[in-house]
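Coordinate analysis (summary)
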Number of protein chains: 4
Amino acid sequence: MTVSIGLLGAGRIGKTHAKAVSQLANAKLAAVYDPFEDAAKEIAAQTGARVDGLDAIMNDPAIDAVIIATPTDLHAEQIEQAARAGKAIFCEKPIHLDGDRVRECLKVVEETGAKLMVGFNRRFDPNFAEVKRQIEAGVIGDVEMVQITSRDPSPPPVDYVKRSGGLFKDMMIHDFDMARFLLGEEVVEVNAMGSAIVSEEIGAAGDVDTATATLKTASGKICTITNSRRATYGYDQRVEVHGSKGMVSAENMRTTTVTVANGEGYTAEPLMDFFMERYEAAYRIELTAFVDALTSGSEISPNGFDGLKALELAEAATAEVAKARELANA
Amino acid sequence: MTVSIGLLGAGRIGKTHAKAVSQLANAKLAAVYDPFEDAAKEIAAQTGARVDGLDAIMNDPAIDAVIIATPTDLHAEQIEQAARAGKAIFCEKPIHLDGDRVRECLKVVEETGAKLMVGFNRRFDPNFAEVKRQIEAGVIGDVEMVQITSRDPSPPPVDYVKRSGGLFKDMMIHDFDMARFLLGEEVVEVNAMGSAIVSEEIGAAGDVDTATATLKTASGKICTITNSRRATYGYDQRVEVHGSKGMVSAENMRTTTVTVANGEGYTAEPLMDFFMERYEAAYRIELTAFVDALTSGSEISPNGFDGLKALELAEAATAEVAKARELANA
Amino acid sequence: MTVSIGLLGAGRIGKTHAKAVSQLANAKLAAVYDPFEDAAKEIAAQTGARVDGLDAIMNDPAIDAVIIATPTDLHAEQIEQAARAGKAIFCEKPIHLDGDRVRECLKVVEETGAKLMVGFNRRFDPNFAEVKRQIEAGVIGDVEMVQITSRDPSPPPVDYVKRSGGLFKDMMIHDFDMARFLLGEEVVEVNAMGSAIVSEEIGAAGDVDTATATLKTASGKICTITNSRRATYGYDQRVEVHGSKGMVSAENMRTTTVTVANGEGYTAEPLMDFFMERYEAAYRIELTAFVDALTSGSEISPNGFDGLKALELAEAATAEVAKARELANA
Amino acid sequence: MTVSIGLLGAGRIGKTHAKAVSQLANAKLAAVYDPFEDAAKEIAAQTGARVDGLDAIMNDPAIDAVIIATPTDLHAEQIEQAARAGKAIFCEKPIHLDGDRVRECLKVVEETGAKLMVGFNRRFDPNFAEVKRQIEAGVIGDVEMVQITSRDPSPPPVDYVKRSGGLFKDMMIHDFDMARFLLGEEVVEVNAMGSAIVSEEIGAAGDVDTATATLKTASGKICTITNSRRATYGYDQRVEVHGSKGMVSAENMRTTTVTVANGEGYTAEPLMDFFMERYEAAYRIELTAFVDALTSGSEISPNGFDGLKALELAEAATAEVAKARELANA
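- As annotated in an unreviewed UniProt entry, chain A carries the name Inositol 2-dehydrogenase and comes from Pseudovibrio brasiliensis.
- Among the UniProt annotations of chain A, the heading Sequence similarities (unreviewed entry) holds the following wording: "Belongs to the Gfo/Idh/MocA family."

Observations regarding the packing of helix α4 (residues 72-84) of chain A against helix α5 (residues 99-112) of chain A
Residue and element names in this part refer to chain A.
- Look at α4 against α5: their axes get within 9 Å of each other, and the N-to-C directions meet at 10°. In terms of their interaxial angle, α4 and α5 are classed as roughly parallel. Only Arg101, Glu104, Cys105, Val108, Val109 and Thr112 of α5 make contact with α4, whose side of the interface consists of Ala76, Glu77, Ile79, Glu80, Ala83 and Arg84.
- Of the residues belonging to the contact of α4 with α5, the class tally is six nonpolar, one polar and five charged.

Here's the deal with the environment of Glu201(A)
Residue and element names in this part refer to chain A.
- Within the element layout of this structure, glutamate 201 appears in helix α10 (residues 200-204).
- With a relative accessible area of 51%, glutamate 201 lands in the exposed category.
- Between the C-alpha atoms of glutamate 201 and valine 321, which are 120 residues apart in sequence, the distance is 18 Å.

Brief notes about the interface of chain A and chain C
- If you look at the interface, chain A gives 23 residues, while chain C gives 24 residues.
- Taken as a group, Met247(A), Thr257(A) and Val258(A) account for 30% of the area that chain A buries against chain C, more than any other trio of residues on that side.
- Our count for the contact surface shared by chain A and chain C stands at zero salt bridges.
- Taken together, the connections running from chain A to chain C amount to eight residue pairs in polar contact (both at pLDDT 80 or more).
- Those elements giving two or more residues to the side of chain A that touches chain C turn out to be α6 (126-136), β12 (247-250) and β13 (258-262) of chain A.
- Split by residue class, the side of chain A that touches chain C holds eleven nonpolar, nine polar and three charged.
- Relative to strand β13 (residues 258-262) of chain C, β12(A) is paired through four bridges, and the arrangement is antiparallel. Looking at the pairing, Ala250(A) lines up with Val258(C) of β13(C).

Points about the side chain of Gln78(B)
Residue and element names in this part refer to chain B.
- Looking at the element boundaries, glutamine 78 is found in helix α4 (residues 72-84).
- Residue class for glutamine 78 comes out buried when judged on its relative accessible area of 4%.
- Those residues in contact with glutamine 78 that sit more than four places away from it in its chain are Leu8, Leu54, Met58, Ile68 and Thr70.

Here we look at the UniProt feature "domain: GFO/IDH/MocA-like oxidoreductase" (unreviewed entry) in chain A
- UniProt records the feature "domain: GFO/IDH/MocA-like oxidoreductase" (unreviewed entry) at residues 128-248 of chain A, using the numbering of this structure.
- Each end of residues 128-248 of chain A is marked by a C-alpha atom, and these two atoms are 10 Å apart; helix forms 30% of the span and strand 36%.

Points about the interface of chain B and chain A
- Contacts between chain B and chain A engage 41 residues on the former and 41 residues on the latter.
- Summed over both partners, the interface of chain B with chain A buries about 3,000 Å², with 55% contributed by carbon and sulfur atoms.
- Our count for the contact surface shared by chain B and chain A stands at four salt bridges.
- For Arg238(B), the salt bridge identified is with Glu240(A), shortest N-O distance 2.6 Å.
- For the side of chain B that touches chain A, the secondary-structure elements that each account for two or more residues are β7 (143-151), β8 (187-195), β9 (210-217), β10 (222-228), β11 (236-243) and α13 (304-329) of chain B.
- With seven residues, the top contributor of residues to the side of chain B that touches chain A is β8(B).

A closer look at the UniProt feature "domain: Gfo/Idh/MocA-like oxidoreductase N-terminal" (unreviewed entry) in chain A
- In the numbering used here, UniProt assigns the "domain: Gfo/Idh/MocA-like oxidoreductase N-terminal" (unreviewed entry) feature to residues 4-120 of chain A.
- Between the C-alpha atoms that bound residues 4-120 of chain A there is a distance of 22 Å. The span itself is 47% helix and 21% strand.

Structural notes on a positive patch on the surface
- A cluster of like positive charges, contributed by Lys19(A), Arg284(A), Lys19(C) and Arg284(C), occupies part of the molecular surface.
- Tracing the chain through its elements places Lys19(C) in helix α1 (residues 12-22).

Here's the deal with the domain arrangement of chain A
All names here are of chain A.
- For chain A, the domain assignment lists domain 1 (3-114) and domain 2 (123-281 + 311-329).
- On a C-alpha basis, the centres of domain 1 and domain 2 stand 28 Å from each other.
- Contacts between the two partners involve eleven residues from domain 1 and, on the opposite side, 13 residues from domain 2.
- In this assembly, domain 1 packs against domain 2 so that about 860 Å² is buried in total across both faces, 57% of it on carbon and sulfur atoms.
- Among the residues of domain 1 in contact with domain 2, Arg12, Lys93 and Leu97 are the three that bury the most area, contributing 61% of the side total.
- Summed over the shared surface of domain 1 and domain 2, the number is one salt bridge.
- With its nearest N and O atoms 2.5 Å apart, the salt bridge here joins arginine 103 to glutamate 312.
- Linking domain 1 with domain 2 are four residue pairs in polar contact (both at pLDDT 80 or more).
- Those elements that provide at least two residues to the side of domain 1 that touches domain 2 are α1 (12-22) and α5.
- Looking at the side of domain 1 that touches domain 2 residue by residue, the class counts come to four nonpolar, three polar and four charged.

Thresholds applied
Residues numbered from 1 in each chain as written. Chains lettered and ligands numbered in written order. Predicted model: local features only at pLDDT ≥ 70, side-chain atom pairs only at ≥ 80, totals over all residues. Heavy atoms only, no water. UniProt positions renumbered as here; feature names shortened; annotations may be inferred. Axes fitted to C-alpha atoms, helices over the stretch in contact; angles between N-to-C directions. Helix = DSSP H or I, 4+ residues; strand = E, 2+ residues; numbered from the N terminus. Parallel < 35°, antiparallel > 145°, perpendicular 65-115°, else oblique. Contact = heavy atoms within 4.5 Å. Nonpolar A, V, L, I, M, F, W, Y, C, P; charged D, E, K, R; others polar. Buried < 20%, exposed > 50% of the residue type's maximum accessible area, 1.4 Å probe, protein only. Buried area = accessible area lost by both parts, 1.4 Å probe. Salt bridge = Lys/Arg side-chain N within 4 Å of Asp/Glu carboxyl O. Polar contact = N/O pair within 3.5 Å; in protein donor to acceptor, adjacent residues only side chain to side chain. Pairing = 2+ DSSP bridges. Patch = residues over 30% accessible without salt bridge, like charges linked within 9 Å, V, L, I, M, F, W, Y side chains within 5 Å. Areas by Shrake-Rupley, 256 points an atom, 1.4 Å probe, with all protein chains shown as cover. Lys, Arg positive; Asp, Glu negative; His and termini not counted. Charge placed at Lys NZ, Arg CZ, Asp CG, Glu CD. Domains from an automatic or database assignment.

The following block contains the structure:
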């Protein structure tokens, strides 16, 4: 079986997914839609897909699945439209910045029986996936504590920040999903703290750029997450999982293994600087997993429920930091 | 000038300090006291000090300073007695498990003008001290985030736990001091979370064995601390400090640099397993700093105020975890 | 300009090159030849190239360049045929196992003015290429000493060994080329030593499986190379270059950055196990460099002369080990 | 039993040994001799030993053992005198720069039945000793290849070089001993190469400053040693041992585990810079082993034979490099 796919959104991440699909033997990109037709045409030229309209793709019975790579505020309605049209759906995270809207959308998904995968690409990163495999193989016994570090090289433009839903929903949401993935248990308690110390503009926009959240599961497992919008040494992405029998961790990735030594010391190159380079393999493997799940009929993961839970954690953290700010200002 | 020192308490840590003093050119151990006279005699035999009574040492005008290495509940009154007797004082942490008692004791210290150093030995660990030096040299710019990992190889006996004041006052107190040391600013906000998942006995005793605390300073700097009473791979002690210009970290120490490689992978030996081995240099350098401060007349650090602040953070964390437990049980 | 390429040889390495060409914007695979037509057909199906005969490809004026990925003993004559047919040539190493035959072949290349690149893929490995860049940037000053480690996971079949020309021409030839690449100067003195201690069969076949060579340039730079046909921990490929101002090294590559820690220690996964996985990027970048040199008219490197020099070093090392064996047996 | 020790030579290394003895429970420093009496007095003051004459020490029946830490050219005759006086002997390496003189001296040692330990301190370095333990425990199977790197931070004064016997006898002799220690088998073949590229003065003095030697045992095990008188990044001392089942290696040591990361990369501090700091533990453990062997009556190791074998390898390497130089100049 070859999965015929329609791509909605021909921006940076849409291109990445188009390329991933083009390398799969069991999928082909049939059509691509973007309001900016030139972007759609570029992908069409590279992949042999046709450029088409949104509704045309949704209504084409020959198309099995859609990849939603449009702006965030369109995700929920496009998921609903695709679900009703009987398509399998791969949607970039988040489904929506508002939890209620997500729940509404997932009701449609449930009613229609649509298959929905949410783009938490980091689960497919070979490093983090290997950490998960080691946990599942029992290598570290019962998980007791998870530590996740996630730091961006530099803050995004403040205009982006204003539309982003805030650091917890925009950036830490990946780590909330990673926490659930590695804890293997739902979170029942959330603590959070945040500051705007990297960028005054971000603070003025009401957001934070340096933050931490602590999560606890019903059985008492604890997870700490640290985020910063600044890391001069590259895109810093690490996890460390402690269990009753030991620890498993994934370190950062570099482009080369080269070290220079002199009187100043031993210097290894900075980390990869950009998330699309750092997670290049993850994006490819993610799409492979989506298509494979469709052709094999196996469970989709991470799904809409996973998308919702990560957002709920982000909402709880956002609320706690907002409350602390009010208290401080009172 | 040679500092003449009286040692109160001839247990494990007393012996460590006695040995450190014996290697200093500008100090000598004059007398040692312990209710178990055999322990005192052993140190006396090794160092040439005399065995003597507590009051006799306190009242001996030839003794310049005392090292208090007795059980915790005696620290405060012995500090007061020594302060009134005009001695300089080195006291093992904590001054007392109760903040009010510490404040009372520090009032006496202040009134008498006594010099008091509190035994936060980790400040003198060559690794952590080097991290501090790099921060002070401006290498990482303004500190933004501090991450401290501190894990014991295995839980202490539950009887010890019951008398210990709980994980935050007994174990994490070192990390609270380290946080203040590295943040370079007072903490104004404390979050904490804890579980008893390593040992049911510890949970039954009302304490936790797995915990995290998050601290925030007035300017918005954030520190996360993670603690566990279990680390199968050795005594895990790391810090990582992020600043506006970069990061400085101190990794764990090992006994050797040996690696074995085969089909299973590349294996480095576990970490040092015992805090007295791990912090051997720190204990020695700490005593050197105490004696040097006395002979040079320079500021004592860490002092009683540092002891108090760390305890206050521990009390705040303890209270928060207790409140969460009540809520959960309600 | 698009370079039209004919592929000679559709085996494992031929497929790798076909795939690399298919990803280039400035090249296309026009035709593929292999005496086993099924292998050729498979590549043709994947790339859109036609299956054709050797002479047909050589004589097709629409084909600009050939990739020679046939058995070693055919390389020299196919280079000559292609050179006379006016093709640019990419040839897998070695050109021939016999130095005289190589020199003869290179004379044809010179007379015809053909462009010839020899497949020393490791020069294009991102790690080793970065080491070279650091040297050329003057980071370590004048090169003084080079150390190259190259170990295969396990010995090849003895039948392969018998046809291979021996370890120095088959395996260490890569390192001889790397030595010249990193030394930046011709070698004037060669020492070598070898043993058959991994495999008795290899010893019985007159070859060695564990060997070292030491090289010296006219200005006194020294290079040591160690080779083994056994490395239980994976495919071990490292270089380390010492200069007047410092050292630059390239460590091995792993699939992930995952570490597991427990009472046994800290274990990182073994190395990549297979040269085609380890050097995947190198093969791709190598073909890119070949095609780019053709389209831009820039110098081809490494060229036939480089192929000859590496072989001469291998011949010298082979001779020295043979002489030592005779002496030992005498 | 307490071993009563006389120290001959109160220079830098003499002081190190005096301090090591003073920390042993089963030994005491009875007397110290040095033609520069002030140096002897300094050690005497610190240890309670008496200052005495050479013959007085040799002839004092209360002295059980001597430590010979005098200039190299006095070692052989002092060993002989001590052996005839019935003393156990610890002698700094080398016994003599001339192999014939060493053999003569060892004959006296044999005839008198004296116990002689030669100061190859590196065998006692905790890292290299652990490598040896792993080999003996069978962790890597049969040893196949040993790689030893040994680089000094900077060249010694040329006056020292002139008296030193040349790099192979002065510096690489340590590595020849380490090679024998790790190979566990005698060397039957030696290759060597050397250059003077660090220091023109050293070249003018007829010595080399950059060198490599390759050793082979009867069973075919191979060892490569690289030496340089320059390492801008510190005192570089590593070994790596490959066996039929895996590899065991010892990396360099640093003073701290601190890393700084920024846009330039991740920088760890340079290596320890001085051999007496690097091998501090080794010197202490070495003396402990000497005294323990005397009190327990167990075998002395490394002994005079080990001293001789290392020197013979150094002589062979020196001769080979000299021959190559003659050929080059011819």
